[in-house]
Amino acid sequence: MGNCFGTLKKKSMAEIAPSDVLKGSPVVRLYGPPAGILTSYIRFALLYKPVSVHFIPSETLVLQCGSDAVSGTRETLIRYIESRFPEPPLMRRCGWSDETTPSVVLATVLQHRSVTWHLERMVRWAEDLATRGGRSRGDPVMGSPRMEVRKFGRSYSQLLEVMLEHAQMEERVVFPIMEKADRGLSKAVNEDHARDLPIMNGIKEDIKSIGVLDSGSPSYQEALFNLSCRIKTLHDNCKEHFEEEEKELLPLMEAAELSKEQQEKVLEQCLDVMQGTHSHLFRFFMEGLLPQDAMCYLDIVIRGSGSNKERAASILHKIVE
């Protein structure tokens, strides 16, 4: 992922493949409906590959590379992209899942991964802020110490919204299903969620307080140190909580033996609860996933949208627009 400052810059998804890699790279022309689900899916997949993509709006989707012109299903197009440009792999199945793993379990674990990645990024950023203590600047693009703290606050607010929606999704959709397999389970896991709310809100208040202090003063340096400690504690708590859920709780979802139709309904409910994550925060959320995990999550979003093609198209379009 690069060094701390490299990951803190707000980058567009188009910069997933570094520009220096793209120089002299093959040119791929993609024709297709601008707001189409498949168009956005393929455009996103190509962002990870060392190619220069030229998108041309068209009624019919065609992928052209050299003398090759490929059209067809999502699977056909992805297989072609993978065979032509194998690195990084996009469709390698995760080692922790198989064909029988319920989609809602996949979605939950991938959300854990994105949140964990962003928390680790915030931990590194907070540690760097505390080390400098307002006495020196970090990455020039961050601006003055006060400007950097505001950017830190915006990034944390985005992460906080994703985390709260994820918790609500589990409490409203996932845990009630597992409750049928293990009575009393929901109460215990909901208490775990409530445990971290004070520290999550406390971090938000710490950031506000730091924003009005004189940078470089002893009180400013102390506040940055306390912020760094709180972020680290939140990271450690979430990591432990996620590992416990994935080891002990999520396997109970398989015991619920949901039918395919029931799984699709559950996925749709998850999307309903996490509206912010799957709208204005979707690009932010996807930045926390590895290529194969990101593509897997797009597949889940498409399945979870069911017959609501407009919602799927809107969600996917947000990461390539």
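A separate point is the overall build of the chain. In terms of regular secondary structure, the chain is built from 13 helices and four strands. When each of the 321 residues of the chain is scored for burial, the buried share is 48%. Across the chain, contacts joining residues at least 24 apart in sequence account for 77% of those joining residues at least 6 apart.

With that out of the way, let us pick up the pairing of strand β2 (residues 52-57). Note: strand β1 (residues 27-32) against β2, six bridges, orientation parallel. Directly across from L30, in β2, lies its bridge partner F55. In this region the chain leaves β1, passes through helix α3 (residues 37-47) and returns to the parallel neighbour β2; the handedness of that crossover is right-handed.

Our focus in this paragraph is the nonpolar core. F44 and M286 are the most contacted members of the largest nonpolar core, which has 73 residues in total. With ten residues, the top contributor of residues to this core is helix α5 (residues 103-132). Of all hydrophobic cores here, the second largest spans 16 residues; its members include V174, M178, V266 and V273.

One open sheet accounts for four strands, arranged β2-β1-β3-β4; its pairing is mixed. Because the sheet does not close on itself, it has two edges, and the strands there are β2 and β4 (68-70). Shown here is a sheet whose adjacent strand axes are inclined to one another by a mean of 20°, direction ignored. Across the sheet, α3 is in contact with β1, β2 and β3 (62-65); its angle to β1 comes to roughly 165°.

The next subject is helix α10 (residues 260-273). Over its 14 residues, α10 runs 20 Å from end to end, which matches the ideal 20 Å to within 8%, given 1.5 Å per residue. Among the residues of α10, those classed as buried are V266, L267, C270, L271 and V273. Projected onto a plane normal to the axis of α10, the buried residues spread over an arc of 165° and lie on a single side. In α10, the exposed positions angled more than 90 degrees off the buried face are occupied by E261 and K265. Contacts made by the buried residues of α10 are with α5, α6 (145-179), α12 (291-305) and α13 (309-317).

Reading the values: rules and limits
- Residues numbered from 1 in each chain as written.
- Predicted model: local features only at pLDDT ≥ 70, side-chain atom pairs only at ≥ 80, totals over all residues.
- Heavy atoms only, no water.
- Helix = DSSP H or I, 4+ residues; strand = E, 2+ residues; numbered from the N terminus.
- Buried < 20%, exposed > 50% of the residue type's maximum accessible area, 1.4 Å probe, protein only.
- Contact = heavy atoms within 4.5 Å.
- Pairing = 2+ DSSP bridges.
- Right-handed = clockwise from strand over helix to strand, strands pointing away.
- Core = buried A, V, L, I, M, F, W, Y, C linked by side-chain atoms within 4.5 Å.
- Axes fitted to C-alpha atoms, helices over the stretch in contact; angles between N-to-C directions.
- Expected span 1.5 Å × (residues − 1).
- Arc of directions from axis to C-beta.

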